[in-house]
Structures are given as C-alpha cells and as structure tokens.
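The chain contents come next:
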Amino acid sequence: MDHKQKTEQKTESLDFIRTRIAEDVAQNKNNGSVHTRFPPEPNGYLHIGHAKSICLNFGVAKEFNGKCNLRFDDTNPAKEEVEYVQSIQEDVHWLGYDWEDRIFYTSGYFEKLYEFAVELIRKGFAYVDSLSAEEIREYRGTLTEPGRESPYRNRSVAENLDLFERMRAGEFTGGTHVLRAKIDMASPNIVMRDPTLYRIRKATHHRTGDAWCIYPMYDFAHCLSDAIEGITHSLCTLEFENNRPLYDWVLDHVSAPCHPQQIEFARLNLSYTILSKRKLLKLVEDGYVSGWDDPRMPTISGMRRRGFTPQSIRNFCVRIGVAKFNSIVDIELLEHSIREDLNKRAPRVMGVLQPLRVVIENYSADKTEYLNAVNNPEDPDAGTRQVPFSRILYIEKEDFREEPPKKFFRLAPGREVRLRYAYFITCTDVIKDEQGNVVELRCTYDPQTRGGDSPDGRKVKGTLHWVSAAHAVTAEVRLYDRLFLKRNPDEVNGNEIFAVNLNPDSLVTLQNCRVEPGLKNAAPGEIFQFERKGYFCIDTKDSSMEKLVVNRTVSLRDSWAKIEKAGEQKEKSTK
RNA sequence: UACCCGGUGGUGUAAUGGCAACACAGAGGGUUUUGGUCCCUCCGUUGGAGGUUCGAGUCCUCCCCGGGUAGCCA
C-alpha cells in the first residue's frame with residue numbers, strides 16, 4: 001500500500017448514526033438532504049446530557065449541509081414554563097449553535113394535529129375511550145399477558161367524531177375520555193396496545209393559553225411534528241426504542257407529508273453526576289444548591305457560570321462519541337476537556353488562596369519593583385505584564401513546611417526557592433502565634449537572581465507563586481468540587497434518597513485570598529489561570545467592584561498531591 | 001419472566017471478513033522559572049461455547065450477563 005492510499009483510507013470514522021445518514025445521502029433518500037431537530041420539553045434547564053444531543057443534531061446537520069430546528073415539545077401544560085423556553089434558547093446559542101428562523105413549538109401545530117387525529121378517527125384507526133385511567137391500566141394487561149379490548153373500542157366513526165369534537169369543546173372533565181389509537185391489545189409491545197393519543201387537561205398552556213383543553217401525547221405529536229417540519233432523521237434516546245413502531249404506525253396511517261427516520265442513541269451518564277431533570281429540580285427546590293445555575297450543577301447555565309467554555313463542552317461531546325450502549329463516562333474526561341481549552345486561552349496570574357505572610361528582611365521597606373511576567377506561555381501573542389514586588393509578600397500556606405517530607409520541593413527553614421518571575425529567597429526564621437501556628441516567615445533574597453535566574457547557575461527545585469501584600473487585591477474564592485461523593489450518586493441504602501451522597505465539601509469559600517492588582521478591573525465571566533492552582537473565572541452574579549468573587553472552574557493536575565497521597569498510603573500499609 | 005436493544009482495556013469510543021486503533025484515567029521516565037503544559041514507555045487478543053471461512057471483534061447457532069418497556073409524562 002502506498003502512502004496515498006493509506007492517507008485516503010484514514011478518513012475520520014463515523015458513529016453509527018452518521019454512517020447511516022451518509023448511506024441515506026448516498027442513496028439520495030430525501031433527495032440527499034438532511035434535516036434534524038433538537039426537541040427539548042421546556043420543563044427544566046438544559047444540562048450536559050442535552051449538550052450531547054444538541055451537538056449531535058446540530059453537528060450532523062452541519063456536516064451534511066443540512067439544517068437543524070429548535071422545537072419545544074410543549075404538549076403538557078402542567079409541567080412547562082416560559083422561564084425554561086428562554087433559558088433553553090440562551091443555552092443553545094451559548095453552545096455555539098444557531099437555528100436561524102427555525103424555532104418551533106409543538107403547540108404551534110395543535111390545530112394540524114387535531115386534524116390528523118380526526119383523519120385517524122375517520123379511517124377507523126382511533127376511538128374515544130371512556131374507561132377511567134385505572135381501568136385502562138387494568139385492560140392493558142402486563143408485560144407477559146396480553147391486554148383486553150375496551151368496551152368502547154368499537155364505537156362508530158360518527159360517534160367517535162362527535163365525542164372527540166365535544167372533548168375539544170370542553171364538554172367533559174379531565175379523565176373522563178381519551179382518544180386512543182386502535183392497534184392491537186395483544187401486541188407483545190405494550191406501546192402498541194391502543195396507546196392514548198389525546199387527553200383532556202383543563203390547564204393554561206404557556207403559549208396557547210386556554211385555547212385548548214385537549215392535549216396530544218408525545219407519541220402522537222412528536223412524529224407528526226417531525227413530519228410537518230420535513231425532518232429526515234429524528235434522533236432520540238434509547239428509551240424511545242419501543243416507541244418507534246408507534247412512531248411509524250402513526251405516520252403510516254395519516255396523510256403525513258413525509259416519514260422521518262427515528263434513530264435512537266444512548267443518553268449521557270457522567271460519573272459523580274446526576275442528569276435527571278426531576279432530580280436536578282429537587283436539588284434546586286430543596287435548596288441543596290443555589291439554583292439551576294449553581295456552578296456545581298451539570299446544567300449548561302451552571303457550567304457557564306463555573307467557567308466552562310462552549311468549545312470545551314463541544315470537544316467533550318465529540319470525545320464521548322455516540323453509541324447504543326448504556327455507559328458511564330468518567331468525569332475526568334470532562335475535566336480534561338476544560339483544562340485543555342483553558343490551557344490554551346486562559347491568561348496566567350498569581351493568586352494566593354491561603355496567604356502566609358513573608359517578610360524579605362534584606363529588601364528595603366520603601367522600595368517597589370515591577371517585574372516582567374509572561375501572560376501565557378502557551379500563547380506568545382498574549383504578551384507580558386508587570387507585577388509589583390516589595391518587602392512584604394504573601395505566599396501559599398501549603399508551600400511552606402516546617403518539617404518537609406521527602407520529595408517536598410517547596411519552602412522550609414533554611415531552604416532556598418524561587419519566587420516566580422522574581423527572586424530566589426531563603427527562609428531564615430519562622431514566626432508562630434501562641435498556639436504554635438506559623439503566622440509569618442522571615443526570608444532573605446538574593447539580588448543577583450532578579451527575574452528568577454541565578455548568574456552562578458545554581459538550581460532551586462521549587463518555584464512559588466506570590467503577591468505583594470501592599471498591592472494585592474482581596475478576593476473571595478469559591479472552590480468547587482464534585483457535587484456527589486459516589487461514582488453513581490443513585491447508589492443508596494434502603495429508602496435513602498440520592499441526596500445522602502452529596503459531597504459536603506462541594507463548595508469551600510475562602511474569604512481572604514490575595515490576587516494580583518491587575519484583577520481589580522477584571523470583568524464578570526473573565527477567565528484566568530491562577531498559576532499552580534487552577535482555572536478560575538470572575539463570578540457573573542456576585543462579583544462587584546467592591547467585592548471580587550472568583551469561582552474555581554477546575555484545579556490544575558496536581559502531581560505533588562498524588563505523590564503525597566501515595567506516600568501516606570505507603571505509610572499506612574507499613575504500619 | 002413477554003417484547004425490544006446492547007456486551008471490545010479501569011473509562012469512553014474505533015476497527016464495515018484481513019496486523020484490535022484513538023482519547024481519558026493509572027504507572028514509570030524526560031523537558032520545564034507553573035510539581036501546569038509538552039514528549040516517551042507500559043497497561044485488552046473483543047461475555048462464553050460451538051460453527052462457516054485461507055482468515056472472525058465483525059457472519060451463523062446456542063448460552064450467559066446488562067439495559068429499556070405495563071403514564072391520561074416526555
């Protein structure tokens with residue numbers, strides 16, 4: 001095989017959905033066009049699981065020169081709210097996708113759907129049932145036994161038409177009648193045992209108000225909405241697999257404008273994370289988090305506030321792939337995706353989270369120098385900045401150990417380290433309070449090492465970040481961590497609920513952090529790397545000119561923490 | 001236990017009858033003024049048993065295991 005053949009064969013591999021769509025296009029199905037849709041129900045905020053679906057639907061459309069619609073699947077007035085339809089639009093846009101003028105609502109099709117229902121009745125494929133909900137359940141049979149036909153199943157077309165019209169007119173109270181498809185009560189697929197198509201719901205709809213009191217069920221509305229919009233490929237999650245025969249049945253029994261192909265894929269599961277709208281709502285309602293946009297939430301709005309970038313989420317969605325296997329993706333992959341993106345784009349600054357005072361004894365008290373610091377070693381175009389240095393500094397508490405363990409390269413009594421972009425300093429004395437806590441370090445600096453290099457070529461193993469006490473800005477820093485302690489938060493004993501697995505330390509707030517003076521003018525939402533600590537962003541809700549509030553998006557990888565942990569475990573096992 | 005859908009390293013995805021690939025995680029090493037980044041090495045013969053074939057993760061049969069489905073939710 002020559003080189004050319006090799007590179008030609010090395011085409012990007014397609015997932016099973018794209019493979020299938022590519023085949024359809026190759027066979028000129030739908031005249032070779034591709035049209036998808038993202039159809040959220042506006043009953044909650046979008047989360048990272050929805051991002052997978054958004055990236056898939058909008059991504060597929062773009063790759064095949066097609067279009068993707070945004071459609072609100074709003075057929076249940078009891079659960080849906082305008083707040084959600086607004087947040088959903090904001091989130092999809094923020095992720096970087098555009099539906100142009102193609103924003104639709106299933107509720108916008110209510111009249112057409114009604115007509116399709118009438119068509120079904122006329123053809124003898126639907127009937128009004130007057131059994132109660134409980135009776136319908138009893139008649140349905142079980143997973144292993146066939147169902148029984150409703151005594152109302154053989155009403156005449158005229159009677160069905162009349163009843164359905166009166167249902168619409170509001171003559172009946174909720175629960176007294178439903179419209180059902182006439183399919184097969186003995187079907188091994190329970191979905192096909194005369195599924196309900198319409199139910200009476202005397203509730204105000206967020207868009208249609210009180211214009212309707214009958215609302216179509218998902219199985220009836222969804223396939224027809226797809227057909228009305230000329231969708232070619234209707235991508236949905238695995239739990240609708242059993243519903244596909246019904247999707248096809250409805251389209252085959254009315255004069256639908258086209259027949260989209262439903263394809264199911266596995267929804268996203270993330271370790272240490274809950275992705276169920278019902279449970280996320282519970283976290284919000286019961287006050288476990290501050291709201292849908294709490295930075296610990298896996299919602300798009302929460303992740304945005306936490307400091308995630310749209311690019312990182314899109315990259316993540318590409319990496320996880322699309323398949324039919326129910327799997328759990330490691331949260332580490334998401335963390336890697338955001339670190340990777342932020343590493344390239346986040347300006348570096350120095351911020352001390354837990355300040356320890358350091359006095360440079362041989363440095364003049366009335367002197368301030370401005371030292372040159374690189375803004376981003378990954379991006380030469382990011383330039384440099386000047387950071388002030390003076391006699392009194394803060395360093396990170398954890399960067400000093402009175403009795404340094406093996407492999408600890410940071411500051412200790414008598415030891416010399418480098419202050420980043422500044423000088424080598426040597427610890428000469430340790431000041432403690434009455435309780436024995438270290439409250440201040442006395443150090444000397446070597447004027448020859450300005451900028452961080454020694455003319456005599458001597459090496460130091462540690463480089464510490466620092467800020468000048470007189471120039472620093474005080475900030476509140478919110479350290480966010482995983483919301484749950486267990487890989488699978490649903491794993492509980494007896495009748496406990498998932499909330500028992502909440503991580504009590506998912507938010508640690510530090511009040512007296514000191515950051516470089518340049519951050520005073522940072523705008524809400526701006527992202528930074530605090531060198532050696534992690535990626536942070538200015539909180540968009542609580543930060544102000546008076547009080548800087550900074551969120552930790554994700555820590556840097558910390559190989560010292562690993563070494564230390566391994567050392568501790570080694571000690572444990574030898575004891 | 002009726003029907004439907006799945007099983008490839010610790011995790012997630014590739015390989016479309018022809019040398020099991022990529023990423024994450026983990027371990028080890030190198031570079032380094034971030035214990036970051038970057039670079040290198042190591043870590044699976046595809047749930048099991050048969051069969052077809054020159055050749056099987058891929059096709060066939062049986063078995064085992066996992067998920068979904070009994071809303072007037074989506």
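Residues numbered from 1 in each chain as written. Chains lettered and ligands numbered in written order. Predicted model: local features only at pLDDT ≥ 70, side-chain atom pairs only at ≥ 80, totals over all residues. Heavy atoms only, no water.

**A look at the overall build of chain A**
When you go through chain A residue by residue, the secondary structure sums to 14 helices and 25 strands. On the principal axes, the C-alpha backbone points of chain A span a range of 100 × 65 × 50 Å. For chain A, the proportion of its 575 residues judged to be buried stands at 50%. Once local pairs closer than 6 in sequence are excluded, the contacts in chain A between residues at least 24 apart make up 70%. (Helix = DSSP H or I, 4+ residues; strand = E, 2+ residues; numbered from the N terminus. Buried < 20%, exposed > 50% of the residue type's maximum accessible area, 1.4 Å probe, protein only. Contact = heavy atoms within 4.5 Å.)

**A word on the sheet that holds strand S15 (residues 392–396)**
Reading across the sheet, the seven strands line up as S19-S16-S17-S18-S12-S15-S20 and stay open at both edges, with mixed pairing between neighbours. Two strands close off the open sheet at either side, each with one partner strand: strand S19 (463–464) and strand S20 (466–468). As paired elements, strand S16 (residues 416–419) and strand S17 (residues 424–432) share three bridges and run antiparallel to each other. Looking at S17, one finds that Glu416 is bridged to Thr426. (Pairing = 2+ DSSP bridges.)

**Points about helix H12 (residues 310–320)**
Within the span of H12, buried status applies to Pro310, Ser312, Ile313, Phe316, Cys317 and Ile320. Around the axis of H12, the buried residues are gathered within 165° of arc, so they sit on the same side. Packed against the buried residues of H12 are helix H3 (48–63), helix H4 (82–95), helix H11 (300–306) and helix H13 (331–345). Gly321 sits one or two positions beyond H12 and adopts a positive phi of about 70°. (Arc of directions from axis to C-beta.)

**Re the pattern of salt bridges**
Considering all chains together, one arrives at 51 salt bridges under this definition. Here Glu171 ties to Arg166 by a salt bridge, and the two come within 2.8 Å at their closest N and O atoms. With relative accessibility at 49%, the residue Glu171 sits in the partly exposed group. Relative accessible area serves as the criterion here: at 28%, Arg166 is assigned to the partly exposed category. (Salt bridge = Lys/Arg side-chain N within 4 Å of Asp/Glu carboxyl O.)

**Digging into the nonpolar core**
Grouped together as the largest cluster of nonpolar side chains are 39 residues, with contacts concentrated most on Ile48, Val92 and Phe316. Among the elements that take part in this core, H3 stands out by supplying six residues, more than any other. Of the domains in this structure, domain 1 (23–265) and domain 2 (269–347 + 473–566) are the two that each give at least three residues to this core. Discounting chain neighbours no more than four positions away, the residues touching Phe316 are Ile48, Leu268, Leu270, Val329, Leu333, Leu334 and Ser337. Among the nonpolar cores identified, the runner-up in size contains 36 residues, and Ala181, Val191, Met192 and Tyr198 belong to it. (Core = buried A, V, L, I, M, F, W, Y, C linked by side-chain atoms within 4.5 Å. Domains from an automatic or database assignment.)

**Here we look at the packing of aromatic side chains**
Inspection of the entire model under this criterion finds 21 aromatic pairs. When the centroid spacing of 5.1 Å and the interplanar angle of 15° are considered together, the rings of Tyr45 and Trp292 count as stacked. Of this pair, Tyr45 sits in the loop between strand S1 (35–38) and H3 while Trp292 is found in the loop between helix H10 (277–285) and H11, placing the two residues 247 residues apart along the sequence. Pair check on accessibility: Tyr45 and Trp292 agree, each one buried. Arranged with centres 5.8 Å apart and planes meeting at 75°, the rings of Phe110 and Trp212 form a pair that is edge-to-face. With Phe110 in helix H5 (residues 110–122) and Trp212 in the loop between strand S6 (196–200) and strand S7 (214–216), the pair connects residues that are 102 residues apart, well separated along the chain. Relative accessible area serves as the criterion here: at 9%, Trp212 is assigned to the buried category. A network of ring pairs unites the aromatic residues Phe110, Tyr114, Phe164, Tyr198, Trp212, Tyr215 and Phe220 as a single cluster. Taking NZ or CZ as reference, Arg168 lies 4.5 Å from the ring centre of Tyr114, over its face. (Phe/Tyr/Trp six-rings, centres within 6.5 Å; stacked < 30°, edge-to-face > 60°. Lys NZ or Arg CZ within 6 Å of the ring centre and 35° of its normal.)

**Some words on the domain arrangement of chain A**
Segmentation of chain A into domains returns domain 1 (23–265), domain 2 (269–347 + 473–566) and domain 3 (351–465). Between domain 2 and domain 3, the C-alpha centre-to-centre distance is 29 Å. Contact residues are listed per partner, giving 22 residues for domain 2 and 27 residues for domain 3. A buried area of about 1900 Å², summed over both sides, lies between domain 2 and domain 3, and 51% of it is on carbon and sulfur atoms. Counting the surface domain 2 buries against domain 3, the share from its top three residues, Glu531, Arg532 and Trp560, is 34%. A salt bridge links Glu564 to Arg401; the nearest nitrogen and oxygen atoms lie 2.5 Å apart. Connecting domain 2 to domain 3 are eleven residue pairs in polar contact (both at pLDDT 80 or more). Only H13, strand S21 (473–480), strand S22 (507–515) and helix H14 (559–574) provide two or more residues apiece to the side of domain 2 that touches domain 3. (Buried area = accessible area lost by both parts, 1.4 Å probe. Polar contact = N/O pair within 3.5 Å; in protein donor to acceptor, adjacent residues only side chain to side chain.)

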